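For reference, the chains in residue letters:
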Amino acid sequence: MPLLCGMWLAACVNASLRENDCSPRRVSAQVLRPKEHVELVGEVVDEPVVFSRADASSEVQHFTLRIVALRRADEWRRASGIAAAVWTVPRGSAAVEYGQRWKWRGVLSRDTVRRAGYRALPAQRFNVDGGDEQQLAGGGGNPLIRLCLEARKRSARQLEAGVEDYPHSHGMVKAMLLGIRSEIPEAQRDVFAETGTLHILAVSGVHVGILTLLCVAVLRLLGVPSRKFALYLGPLLLLYAVLTGLRASAVRAAVMAVALLAAPAWGRRPDLPSAVALAATLILAAAPGQILDAGFIFSFAAVIGLLILQPRLMKRLSATGEADEDWSVQRPGRAQRLARWVSLAVWGTVSTSIAVWVVTTPLTARWFHLCSPIALVGNLLVIPLASVIIFSGVLSTVFGWIHPVVSEVFNHGARVFVDLLMLWVEGLAAIPYGHFTVGDIPDAWFAAWYALLFLALTARAYLRSLVPWFAAACVTLAALVWWSGRDAAFLTVLEESDGAAVLVRGPAGRHVLVNAGPAYRGRDVVRALQRRGINHLDALVIAHADASHAGAAADILRAVPVRELWCTPWLKQSPVCMAVLGTAGEKGIRVRRLVAGSSGALGDVEWEVLHPADDRPARRSGEGALVMRFARQGASALLMNGADARVEQSILQRAIEPAAEVLLSGGRRMSGACSPEWLDAVRPRVALIGTGGDWRWVEPDREAVRRLRERGVDVRGVNEAEGALEIHFERRPSQPGGPWCRIL
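These numbers come from a predicted model, not from an experiment. (Residues numbered from 1 in each chain as written. Predicted model: local features only at pLDDT ≥ 70, side-chain atom pairs only at ≥ 80, totals over all residues. Heavy atoms only, no water.)

A. View of the overall build of the chain. Each helix and strand in the chain was counted, giving 24 helices and 24 strands. With 744 residues in all, the chain has 46% of them scored as buried. By sequence separation, contacts in the chain at least 24 residues apart represent 69% of the contacts at least 6 residues apart. Total accessible area on the chain stands at roughly 36,800 Å², and carbon and sulfur atoms take up 59% of it. (Helix = DSSP H or I, 4+ residues; strand = E, 2+ residues; numbered from the N terminus. Buried < 20%, exposed > 50% of the residue type's maximum accessible area, 1.4 Å probe, protein only. Contact = heavy atoms within 4.5 Å. Areas by Shrake-Rupley, 256 points an atom, 1.4 Å probe, with all protein chains shown as cover.)

B. Spotlight on the side chain of Asp538. With respect to the helices, strands and loops of the structure, Asp538 is situated in strand 13 (residues 537-542). Look at Asp538 and you get buried, because its relative accessible area is 6%. Separated by 3.3 Å, the side chains of Asp538 and Arg563 make a polar contact. The residues touching Asp538, leaving out its near neighbours within four places in the chain, are Gly509, Arg510, His511, Val512, Arg563 and Glu564. (Polar contact = N/O pair within 3.5 Å; in protein donor to acceptor, adjacent residues only side chain to side chain.)

C. Quick look at the nonpolar core. Membership of the largest hydrophobic core comes to 66 residues, with the highest contact counts inside it found for Met172, Met176, Phe192, Ile200, Leu201 and Leu421. A per-element tally of this core places helix 8 (residues 248-262) first, with 11 residues. Filtering out sequence-adjacent residues up to four positions away, Phe192 remains in contact with Met172, Thr197, Leu198, Ile200, Leu201, Leu421, Met422 and Val425. The next biggest cluster of nonpolar side chains, apart from the first, holds 28 residues, and it includes Val502, Trp607, Leu626 and Ala635. (Core = buried A, V, L, I, M, F, W, Y, C linked by side-chain atoms within 4.5 Å.)

D. Examining the packing of aromatic side chains more closely. Tallied over the entire structure, the rule returns 6 aromatic pairs. With a centroid separation of 4.6 Å and an interplanar angle of 35°, the aromatic rings of Trp566 and Trp607 are classed as tilted. Of this pair, Trp566 sits in strand 14 (residues 562-567) while Trp607 sits in strand 17 (residues 605-611), placing them 41 residues apart in sequence. Given the relative accessible area of 6%, Trp566 is considered buried. Among the aromatic residues, those joined into a cluster by ring pairs are Phe63, Trp87, Trp102 and Trp104. When the ring centre of Tyr166 is taken as reference, the NZ or CZ atom of Arg415 above it lies at 4.3 Å. Above the plane of the ring of Trp566 lies Arg592, whose end atom (NZ or CZ) is 5.6 Å from the centre. (Phe/Tyr/Trp six-rings, centres within 6.5 Å; stacked < 30°, edge-to-face > 60°. Lys NZ or Arg CZ within 6 Å of the ring centre and 35° of its normal.)

E. Here's a closer look at the environment of Pro270. With respect to the helices and strands, Pro270 occurs in the loop between helix 8 and helix 9 (272-286). Classification of Pro270 as partly exposed rests on a relative accessible area of 45%. Expressed as a C-alpha distance, the spacing of Pro270 and Leu260, which sit 10 residues apart in the sequence, is 5.0 Å. If we skip the residues at most four places from it in the chain, Pro270 touches Leu260 and Ala263.

F. Here's a closer look at the packing of helix 9 against helix 10 (residues 294-317). Contact geometry for helix 9 and helix 10: axes closest at 10 Å, N-to-C directions at 170°. Overall, the two elements helix 9 and helix 10 adopt an arrangement that is roughly antiparallel. Residues Leu272, Pro273, Val276, Ala279, Ala280, Ile283 and Leu284 of helix 9 lie in contact with helix 10, whose contacting residues are Phe296, Phe300, Val303, Ile304 and Leu307. In terms of residue class, the contact of helix 9 with helix 10 is built from 12 nonpolar, no polar and no charged. (Axes fitted to C-alpha atoms, helices over the stretch in contact; angles between N-to-C directions. Parallel < 35°, antiparallel > 145°, perpendicular 65-115°, else oblique. Nonpolar A, V, L, I, M, F, W, Y, C, P; charged D, E, K, R; others polar.)

G. Highlighting helix 13 (residues 375-400). Its 26 residues place the ends of helix 13 35 Å apart at the C-alpha level, agreeing with the 38 Å of an ideal helix rising 1.5 Å per residue. Where helix 13 bends most, the angle comes to about 30°, and this point is Leu381, followed within four residues by the proline Pro384. (Expected span 1.5 Å × (residues − 1). Bend = angle between axes of the 7 residues up to and from the residue.)

H. Here's a closer look at the state of the cysteines. Going through the model one piece at a time under the given rule, you end up with 0 disulfides. Cys577 provides the cysteine sulfur closest to Cys567, a residue in no disulfide bond, and the two sulfurs are 8.1 Å apart. Overall, Cys567 belongs to the buried group, its relative accessible area being 0%. (Disulfide = S-S within 2.5 Å.)

I. Up close: the sheet that holds strand 17. Pairing is mixed in the open sheet, where 7 strands are placed in the order 16-17-18-19-20-21-22. The open sheet has two edge strands with one neighbour each: strand 16 (599-602) and strand 22 (714-717). Averaged over neighbouring strand pairs, the angle between their axes works out to 20° when direction is ignored. The pairing of strand 20 (residues 662-665) with strand 21 (residues 686-689) spans 4 bridges and is classified as parallel. Looking at strand 21, one finds that Leu664 is bridged to Leu688. Across the sheet, helix 22 (residues 645-653) is in contact with strand 17 and strand 18 (627-632); its angle to strand 17 comes to roughly 100°. (Pairing = 2+ DSSP bridges.)

Okay, here's the thing in structure tokens:
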């Protein structure tokens, strides 16, 4: 144990040193700005993942690139670093291959923060410019890995034999057996994530176990002694781990299987904890950075939970006692043995599901902001169905090398069980409160969960009796913290929407999202809502009928329950918004058109519409934008939603009082806006610039910014914030001159 702890500590230090390498060749040392247009030479170090775009004319290739040379100006320099490359190519173009060396031009984003485990790690992202690429060499990389990837492609073709017209079927089998997830639709992955059954799409112990059992059966038929199993299965399982992409879960399962099979050859008894320790040690020795990776932590946490919790749960749940195992008095009949076997199988599945859920729920809540109690029920049938599908896939791959017709038989069998699996999972996802999103989990609650679990398992009897009281105290404290925050009200400008979407939170969990952002940020906005623990929206407001404000609305309507859709009267003039109306009709969402004078309340947060005055058609989208004001007892914010200078004049001519503490204005539409007359009427103390969804490309009007600053307005840009911008409403402002805008 001391040796193992020392190796884990060394891995942590090694990983930290690698992530903070100060070598002058490192990409982060050569690229001075966060984003630069560069020319580089790199080698593809993994198999590309290809996604089709919505326009059906192009596709996107994602792959990992090892950078070997870089040119920022006129001179080439040697470089070192890894970048996640994104390359958009015409549909049908040949994908890059492992080991190829290319020269590209594109935009390199330095130290892009990505979440990988318990803390954030830096990473490079490279967006390739099309039309100027050049392949320099091929056939590089490790020959063994290249051979395994070729076998992976051939196996994928065999799994498609006879079921080419059922992409949902062979896509699922390829994900389970080969780790190829790119063919599974995003909506289908979301269903598995919501029900807590996404783990079956990752190659892990179940997959390796089925392959091992099949191979052991063959070896027994051939008369091979058990002490020699590791000699034959060791290379096969390790090659399978390479074939599936060398993910932590696959490598861990393969190493554990080899260790358990090799134990008899060394005259030792198979020991699961030792196998887990060996797998962790070998993975961290090869890649120390894995110790901070979410996949590594999740995989080993689940296995450790199974080793510690599952036997104890099995002992309590199972009705089988020591007397059942004593057959010396009376040997049970076949029916009794079958009943006992079924009972053990059922209770084994139940105890496994509970053990994994208890250990991994905090990790799922922290990293994916999702809690799925329905997984306790779902895994009872998902695991057996997945086992049958994997078994069919293995047989199809093995016997397909003999004749393709054999593959077709097993592929059709797998298709039936895939349909049953999807029927079961989709039914679970439709159960109310079977899953829900949660906000950021504080470290204290994260630690308290595992502290309670540790005490319940290891403490003495008198201490274990205190665990229920400690758990009750934690639940009570969590309820008090939640109750104290129910009264909070604030506006959040979502960075994930390019500044176009503003989330309004009222007391008692009332939520309204004003605008949605561009279509390509739809998934990001949905995840941003999930990170804030939002399970529903009282309303989605389409305040501006253009693609930068409404493009992502359809994705949000499909992913988040929405009670009402509020919109500008001229929504039908926009093709983008017509698609949004169609999605709202399919979901049965009420559509409400707002004009000046429309008003309402989210608890004690009141809202009103100042523009447009009527439902006459607008000549430009900026003229038809909804101008909304949210207020709470002396605190107010005015959302312009991309409205232009003509809208300001229209509001002033109608003698409306637009006063507000905070003014949220746009970017390129600021030209001519914020006139002296308008600022005299609004009298803002804080102005947020760039909330129109265009701040990434167009700088705000300098004259408008100058007029704001001349009046002593605190001007802040969305593009200057490292995160979301929040405007907090106090119930009774105790400091009228205090700050109203806080950067999280």
